[in-house]
Amino acid sequence: MTDYLKYLLSPAILAIHAWGLVMGGAHAWMGFAAIVWVLLFDAFLSPSHHRRDTRFPWLYDTVISLTVLAGFANIFLYAYLAGSGHFQGFASAFGAFIGTVVIGFVIGAPPVHELFHRENAALRTLGRVGQCLVFDPWREITHVVTHHMHTATPTDPDYARRGDTVYGHFMRTFPGQWKEAFHLEKMMWTKRGRKWFDPRNAWVAKATYFGIFIAILFTLGGLTGGLLACAALILGPRMMLEVFNYCNHYGLVSATPGRFKMHHTWNHLTPFTRILALEITNHAGHHDDSYKPFYLLEPDQTGPKQPQFLMCVLLAFVPPLFFMMIKPLLKHWDEHYANEQEKEIAYRENARAGWHDLNDGSFAYRDAQLAVAYG
């Protein structure tokens with residue numbers, strides 16, 4: 001039964017954060033301190049390849065459903081308290097804000113992602129409504145369709161190519177996702193012969209419940225509380241999800257677009273990261289079968305891995321340090337995981353990025369020979 005208890009960690013941290021918000025003062029930092037302490041402790045642990053107990057799946061589903069509902073309660077509470085002037089002084093106000101930002105990403109986003117992938121209608125609906133907590137009710141559209149179909153290819157808006165910084169990734173991924181979401185939605189209503197504003201179109205429902213969500217934030221918190229709550233969700237789960245995508249697919253290439261292979265994504269398998277992220281950092285298993293519940297995913301012990309998750313996210317904001325970390329891993333991937341076609345793609349990606357030190361010269365020699373042969 002310990003496996004089921006482990007997943008109570010997320011709602012426990014949400015409860016600590018809520019208690020700290022209500023107490024105010026220095027206690028407003030409690031949620032942030034709790035999540036940072038857990039992730040720092042996790043950084044010193046060895047990877048876990050433990051498989052979960054699957055005898056009572058309804059327990060897992062109950063916990064993550066309650067976590068999503070608690071996520072809504074937390075952001076509503078924060079909006080109300082921030083708008084009512086509850087946090088006295090900059091330190092208290094900033095502690096509450098940064099705690100809401102970090103917890104919104106680490107605790108709030110994973111169960112939403114898990115549920116909108118589910119085949120069960122009730123759970124999937126909760127996941128779709130829960131996308132308000134990542135401030136993007138359209139996130140599911142590009143993620144489930146485009147991202148999972150085009151993993152490790154430039155046609156995936158979530159993908160970061162070799163040489164890309166996280167800041168450049170932001171500039172590309174956001175407009176790419178919006179454009180792709182509009183394209184997919186328009187294709188559906190056009191195919192069904194509907195007007196763009198037809199209530200049966202999926203985007204209408206998404207816009208409606210997102211509008212209600214924002215209205216609740218501003219009703220509870222007024223202008224100040226509503227704006228701060230929205231900012232916390234944008235800077236937290238919304239933007240940090242793109243940092244997660246940046247890290248988890250960085251620089252990998254695929255010679256088989258639309259056919260995922262287990263080496264087409266990085267994995268982070270330290271114990272608490274697996275628990276808090278609901279196995280999403282056990283990423284190969286998720287991409288191999290995106291409808292498989294998190295508790296059925298089997299850690300890929302031999303697949304490509306990055307250092308601990310928190311370290312990768314922090315390094316991403318300092319591109320020279322991130323490149324120092326990722327380039328040796330990419331070189332190892334090219335040599336040990338890539339097939340012959342992927343080696344060639346990787347060679348050209350390294351050349352495009354100016355990372356010639358990652359290439360072994362074999363394809364350069366071949367290109368020179370072709371140039372001589374064909375003038």
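To keep things clear, this report deals only with the structure shown in the data block.

Conventions adopted
Residues numbered from 1 in each chain as written. Predicted model: local features only at pLDDT ≥ 70, side-chain atom pairs only at ≥ 80, totals over all residues. Heavy atoms only, no water. Helix = DSSP H or I, 4+ residues; strand = E, 2+ residues; numbered from the N terminus. Buried < 20%, exposed > 50% of the residue type's maximum accessible area, 1.4 Å probe, protein only. Areas by Shrake-Rupley, 256 points an atom, 1.4 Å probe, with all protein chains shown as cover. Lys, Arg positive; Asp, Glu negative; His and termini not counted. Charge placed at Lys NZ, Arg CZ, Asp CG, Glu CD. 1 Å grid on protein atoms, 1.4 Å probe; cavity = no way out; pocket = protein on both sides within 12 Å on 5 of 7 lines; lining within 4 Å. Points joined across faces, edges and corners; volume = space filled by probe spheres on them. Salt bridge = Lys/Arg side-chain N within 4 Å of Asp/Glu carboxyl O.

## Considering the overall build of the protein chain
Item 1. Helix and strand content of the protein chain: 15 helices and 0 strands.
Item 2. With the principal axes as the frame, the protein chain shows a C-alpha extent of 75 × 55 × 45 Å.
Item 3. Residue burial in the protein chain is summarised as follows: out of 375 residues, 52% are buried.
Item 4. Carbon and sulfur atoms provide 69% of the accessible area of the protein chain, an area that totals close to 17000 Å².
Item 5. Computed over 31 positive and 29 negative side-chain charges, the inter-centroid distance for the protein chain is 5 Å.

## Considerations on empty space enclosed by the protein
Item 1. If you walk through the whole model with that rule in mind, you get 6 cavities of 30 Å³ or more.
Item 2. Considered as a void within the structure, the largest cavity measures approximately 320 Å³ in volume.
Item 3. Looking at the largest cavity, it is lined by 21 residues, and the ones nearest its centre are Ala 109, Pro 110, Leu 241, Phe 244 and Ile 280.
Item 4. Put simply, the parts of the chain that give the lining of the largest cavity at least two residues each are helix H5 (90–116), helix H7 (139–149), helix H9 (202–248) and helix H10 (271–276).
Item 5. Per-element accounting of the lining of the largest cavity gives the leading share, 7 residues, to H5.

## Side note on the pattern of salt bridges
Item 1. Summed over all chains, the structure comprises 21 salt bridges.
Item 2. In this structure, Asp 136 and Arg 238 form a salt bridge, with 3.1 Å as the shortest nitrogen-oxygen distance. Taken together, the residues Asp 136 in the loop between helix H6 (121–130) and H7 and Arg 238 in helix H9 connect sequence positions 102 residues apart.
Item 3. Residue classification places Arg 238 among the buried positions, given a relative accessible area of 6%.
Item 4. With its nearest N and O atoms 3.3 Å apart, the salt bridge here joins Lys 327 to Asp 357. Of this pair, Lys 327 sits in helix H13 (residues 319–336) while Asp 357 sits in the loop between helix H14 (340–353) and helix H15 (362–374), and the two are 30 residues apart along the sequence.

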